[in-house]
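# Observations on the model geometry
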Amino acid sequence: MAKAPDPSRRALLATGTALGGALAVGGGTAAPAQAAPPTGEAGPPRSTPVAPHVSPDIWRTVLDDADPVWQRMPKSWYEGPFLGNGRLGSGIYAEPGGNAVRFNVQHSEVQDHRPEFGSLFGLARLPIGYFTLEPVGTITGLDWRLRLRDAELTGTLVTTAGSLTLRAFVHSSADLLTVEVTPSEGERGFRWVFHPAVAISPRAAFKPIPQGYTANPPATIEEHGDVSAAVQPLLAGGRHVTAWQEVARHRSRTLYATVTHSHPAATARDRALRTVRTARAVPFDVHALPHRAWWHRYYRKGFLSLPDARLQRFYWIQLYKVAAAARKDAPVMATSGPWLEPTPWPNTWWNLNVQLEYWLIHGSNHLELDAVTRALSEFRDQLGAEVAAPWRGDSYGIPRTTDTRLVNGGATPGDLGYGVGIPGQDPPTPEVGNLTWALHNVWLSYRHTMDETILRDVLFPLLRKAVNYYLHFLSPGSDGTLHLPATFSPEYGVNAPDCNYDLMLLRWGCRTLLESAELLGKRDPLAGRWREVLARLTPYPVDGNGFMIGSGVPFAKSHRHYSHMLAVYPLYEITGRTADERALIEKSLAHWVGFEGALQGYTFTGAASMSALLGKGDDALAYLGQLMTRFIQPNTMYKESGPVIETPLSAAQSLHDMVCQSWGGTIRVFPSLPAVWRDLAVHDFRTQGAFLLSAVREKGVTRWVRLTSEAGAPCVVRHGITGAVEVRDDRGRPMTYERTGEGEIRISLRKGRAALITSAGDTPDLTIRPVTPGEPAPRWGLPA
C-alpha cells in the first residue's frame with residue numbers, strides 16, 4: 001500500500017506551500033541561509049537593463065511561422081481551417097460529393113431543451129447548418145493560409161472559370177461570420193447557398209434513439225427585405241435562427257452571417273436580423289480592425305519559443321484554438337468546441353474532457369477564457385439537484401455529461417445521460433468524483449491569480465459540498481481506516497471499493513478545504529471531520545504493478561484514462577519525493593502505457609506530463625512524438641469516434657509542464673527539457689503564486705530567470721542556474737535571498753516587484769527572441 005501524505009502538514013495557500021504537498025522531485029534538504037548584499041545596500045547599479053527587452057515583432061515572427069496552409073483541398077473537419085470566438089464557430093472544407101466549399105455555422109449555445117430524454121439526446125447541442133460557396137467553374141486548386149495573428153483565413157480558390165480570392169473571420173467579440181470574396185471576371189456568377197441541418201441530437205447517428213424522441217420540425221427560410229433567415233423552431237419552445245446577407249462593394253461581395261438562440265422565448269429572429277442589418281453597413285476592413293486588435297492583445301500576454309519547429313507551431317495553433325473555442329462568459333466547451341459535427345459526444349463531458357481543455361489557459365496567461373469557474377459558480381444550484389434526493393441539502397455533484405447549464409436531464413440510462421450515482425449502488429453508475437476534479441481547475445485559477453474572491457466565493461463553498469457527498473458514505477473498517485464503498489473510475493468499466501480515483505480526490509479535497517478555511521479565517525464545523533479523513537483514510541490500493549483501480553481490482557487491461565493515477569497528475573499528491581514513491585510512479589506509468597489496444601491520444605499527454613514531473617524530458621518528448629504521429633490530424637484536431645478537442649489542448653499543457661512547474665509552492669524553471677532542446681525562451685509565463693516568469697536558455701545553459709509578483713506571495717524558485725547566483729531587483733539593486741536547496745532559493749518579493757536571477761558576475765542579454773529550430777519541419781494543414 002502507498003503511504004498517504006502526512007496529514008499533520010499545514011500550509012496556507014497564500015504562502016505558496018504545497019496543497020498537494022511534497023518536496024520537488026530530486027530536491028534536497030534546505031541549506032543554510034545564504035545572504036546576498038541586503039536590498040538597497042550600496043553596489044553600483046548595473047549597466048545592463050534589469051527588465052527584458054521584448055520586441056512586438058517576436059509574436060509576428062512565431063505566429064507567421066505557425067500559420068497552417070492548404071495547397072490541397074481539405075475534405076473534413078479534421079483537415080480544414082477553423083474560425084471561432086467561443087460561441088460561433090465555422091469549420092471549412094470541401095462539400096462532400098460536390099463542387100463547392102462548405103462553411104459550417106455552429107454555435108455553442110444552440111441546444112435542445114427536452115430534459116426527459118437526457119443530456120445526450122434531449123439536451124444535446126443541435127447542428128445548425130452550413131453555407132456552400134459554389135463557384136461557376138470546376139475547382140482545380142487552392143492556396144489558403146489561416147493567419148493566426150489576425151485569426152483570419154485568406155487565400156485563393158482556382159477554378160476552370162477563373163479564381164475566387166477570399167478573406168474570412170468570425171469576429172472576436174460579435175457572433176458574426178464575415179467572408180469577403182473577390183472573383184475574377186469568369187467567376188462573377190459564384191453564389192452562396194445555406195443548407196439548414198436537421199435539428200436532432202448528433203448522437204442519433206451513432207446510438208439507438210430513445211422511444212418518443214423525434215427531430216425538431218424543419219427550419220423555414222424567410223426573406224426580410226435583403227436579409228435571409230433560417231428559422232428553426234424547437235419542440236420545447238424557442239428557436240434558433242441563422243440570418244445572412246450578401247453586400248457588393250467595388251469588385252468584392254461580402255457575406256455577413258450570424259446565429260442566435262432563444263428559449264423559451266421566440267426572440268432569436270429579431271436579434272439575428274438586427275445583427276446582420278447593423279453589420280452590413282460596415283466594410284470588411286473596418287470590421288476587421290477591432291477583431292485583429294483583440295487577437296494581437298491576446299497573443300502578447302505570453303510567449304514561448306522552443307527549438308522543435310513542428311511542436312512550436314503546434315503550440316501556437318493550440319493558443320489560437322483555445323481562444324477560438326472558449327470565453328469566460330461562453331458555455332464551457334463541449335467535446336468538439338463550437339465546431340459541432342456528427343458525433344456521439346454532443347455535450348459537455350466532465351470526467352476528463354473539460355479539465356484537459358482548460359489547463360493551458362493558466363501558464364499561457366489567459367484566465368480571461370476560464371468558463372469553468374464562472375459556470376460552476378453561476379449554476380451551483382444545479383450541482384445540488386444532480387445528486388440523489390436524500391443528499392441534496394448539503395451535497396453537490398456533477399454528472400459525466402451536461403448541457404450548457406450543467407443539467408443532465410431526467411433520464412439516467414447510459415445512452416441518454418450519466419447521473420452522479422450513489423457510492424455502493426449501481427445503476428446508475430456511481431461516478432461521483434467529477435465535480436471535485438473540476439474544482440481542481442478552479443483551484444488552479446485561484447493559485448495562478450491569488451484572487452481571494454475565487455477562493456471565498458466559488459472554490460470553498462462548492463468544494464465543501466462536493467467533499468460532503470463523500471463523507472456520507474465513508475465508514476471505518478476492521479483495520480481502523482476509513483473506506484469508501486464501490487465507485488467508478490473513469491472509464492475502466494468496473495466499480496471498485498476504495499477506488500483510487502475517489503480516494504485521491506477526497507484526500508486532495510479535504511486538505512484544500514482545511515487550508516482554504518485557515519486562509520479565509522473560517523472556523524468551519526466540518527474541519528474536524530476533514531482532519532479525521534486525512535488521518536484515517538485508507539491508503540491508495542497498489543499491487544506489484546503499481547496503482548490499482550481500487551481494492552481488489554487490479555489495473556489489468558488496456559485503458560486510455562489515467563483516473564487511477566490522479567494523485568500523481570494533476571493533483572501532485574504523490575510526486576516522487578522519496579525513492580519508494582518515485583519507483584511507484586515509474587512502475588505505475590510503465591504498466592499503464594504498456595497495454596496497447598485502448599490507448600488514445602490523451603494517454604500520451606498524461607504520460608508526457610507525468611514524465612515531466614519525474615524530470616524525464618526525453619521521455620516526455622517521446623510520448624508527445626507518439627501523439628503527433630499516431631493521433632493528431634493535419635489541422636491539429638483530434639478524433640475518438642467523432643471530433644473531440646481536449647487532447648491537442650492538453651498536449652500544450654504537457655509542453656508547459658516540461659518548461660515550467662509550480663506545484664508545491666516552488667517554481668521550477670526548465671525542469672524537464674529534452675537533451676535536444678538546448679535553446680528556449682519564455683516570457684510572462686504565469687505560475688502558481690501569481691508570478692510572471694521570463695527566462696532564457698542558451699546552448700544548454702539557463703542564462704537568466706526573472707519573476708514578477710502580482711500578489712506578493714512568497715517566492716521559492718528552482719532556477720536551474722549552475723553555481724553561485726546573483727539576485728537583483730527591478731532597479732538593478734542586489735537583493736537578499738535564502739538558499740533552500742540545490743539550485744533553489746527563496747526571495748522576498750513584494751506585490752508589483754520583480755527579481756532577476758543570473759550567474760554571479762554574469763551580465764546576460766535580456767532580450768526575448770524566438771530560438772532557431774533544430775531542423776525544418778512541414779507546416780500544419782495540407783501543404784503541397
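Everything below is about the structure shown above.
Residues numbered from 1 in each chain as written. Predicted model: local features only at pLDDT ≥ 70, side-chain atom pairs only at ≥ 80, totals over all residues. Heavy atoms only, no water.

### Quick look at the packing of helix α10 (residues 434-449) against helix α12 (residues 500-520)
At a closest axis distance of 10 Å, the pairing of α10 and α12 adopts a crossing angle of 40°. Comparing their axes, α12 and α10 come out oblique. Here α10 runs over α12; the crossing is left-handed. Taking contact as the criterion, the partners of Asn434, Thr436, Trp437, Leu439, His440, Trp443 and Tyr446 in α10 are, on α12, Tyr501, Leu505, Trp508, Thr512 and Leu519. Residue composition of the contact of α10 with α12, by class: eight nonpolar, four polar and no charged. (Axes fitted to C-alpha atoms, helices over the stretch in contact; angles between N-to-C directions. Helix = DSSP H or I, 4+ residues; strand = E, 2+ residues; numbered from the N terminus. Parallel < 35°, antiparallel > 145°, perpendicular 65-115°, else oblique. Left-handed = near helix turned anticlockwise from the far one by under 90°. Contact = heavy atoms within 4.5 Å. Nonpolar A, V, L, I, M, F, W, Y, C, P; charged D, E, K, R; others polar.)

### Concerning the sheet that holds strand β36 (residues 754-759)
Strand pairing in a sheet is mediated by backbone hydrogen bonds. Such pairs are either parallel or antiparallel. Spatially, six strands are ordered β16-β29-β30-β31-β36-β33 in an open sheet, and the strand pairing comes out antiparallel. The sheet is open, and its two borders are formed by β16 (303-305) and β33 (725-729), each paired with just one other strand. On average, each strand axis in the sheet is inclined to that of its neighbour by 20°, with strand direction left out of account. Sheet topology note: the strand β29 (residues 680-687)/strand β30 (residues 691-698) ladder contains six bridges and is antiparallel. Within the sheet, the bridge partner assigned to leucine 680 lies in β30 and is arginine 697. (Pairing = 2+ DSSP bridges.)

### Quick look at empty space enclosed by the protein
Throughout the structure, instances matching the rule amount to five cavities of 30 Å³ or more. Taken as a whole, the second largest cavity spans an internal volume of roughly 80 Å³. Forming the boundary of the second largest cavity are 15 residues, of which Ser108, Arg125, Pro331, Val332 and Ala334 lie nearest the centre. (1 Å grid on protein atoms, 1.4 Å probe; cavity = no way out; pocket = protein on both sides within 12 Å on 5 of 7 lines; lining within 4 Å. Points joined across faces, edges and corners; volume = space filled by probe spheres on them.)

### Quick look at the pairing of strand β9 (residues 162-170)
Sheet topology note: the strand β8 (residues 152-159)/β9 ladder contains seven bridges and is antiparallel. Counterpart to threonine 156 in the pairing with β9 is threonine 165. In this structure, the hairpin formed by β8 and β9 is closed by a connection of two residues. For β9 and strand β10 (residues 177-183), the ladder comprises seven bridges, and the chain directions are antiparallel. Within β10, the position partnered with arginine 167 by the bridge is glutamate 180.

### Some details on the packing of aromatic side chains
Overall, the coordinates contain 40 aromatic pairs when judged by the stated rule. A centroid spacing of 5.9 Å and a plane angle of 50° characterise the contact between phenylalanine 314 and tryptophan 780, whose relative ring orientation is tilted. Separated by 466 residues along the polypeptide, phenylalanine 314 in helix α5 (residues 309-325) and tryptophan 780 in the loop between β37 (767-768) and β38 (781-782) bring together distant segments of the chain. Here the two residues phenylalanine 314 and tryptophan 780 agree in accessibility, since each one is buried. Geometrically, the ring pair formed by tryptophan 443 and tryptophan 508 is edge-to-face, given 6.1 Å between the ring centres and 85° between the ring planes. Residue tryptophan 443 is located in helix α10, and its partner tryptophan 508 is located in helix α12; the two are separated by 65 residues in the primary sequence. For the residue pair tryptophan 443 and tryptophan 508, the accessibility class agrees, reading buried in each case. Taken together through their ring pairs, the aromatic side chains of Trp59, Phe82, Trp294, Trp295, Tyr298, Tyr299, Phe303, Tyr315, Trp316, Tyr320 and Trp339 make up a single cluster. A cation over a ring is seen here: lysine 557 above tyrosine 492, with NZ or CZ 4.7 Å from the ring centre. Sitting over the face of the ring of tyrosine 78, lysine 639 holds its NZ or CZ atom 4.8 Å from the ring centroid. (Phe/Tyr/Trp six-rings, centres within 6.5 Å; stacked < 30°, edge-to-face > 60°. Buried < 20%, exposed > 50% of the residue type's maximum accessible area, 1.4 Å probe, protein only. Lys NZ or Arg CZ within 6 Å of the ring centre and 35° of its normal.)

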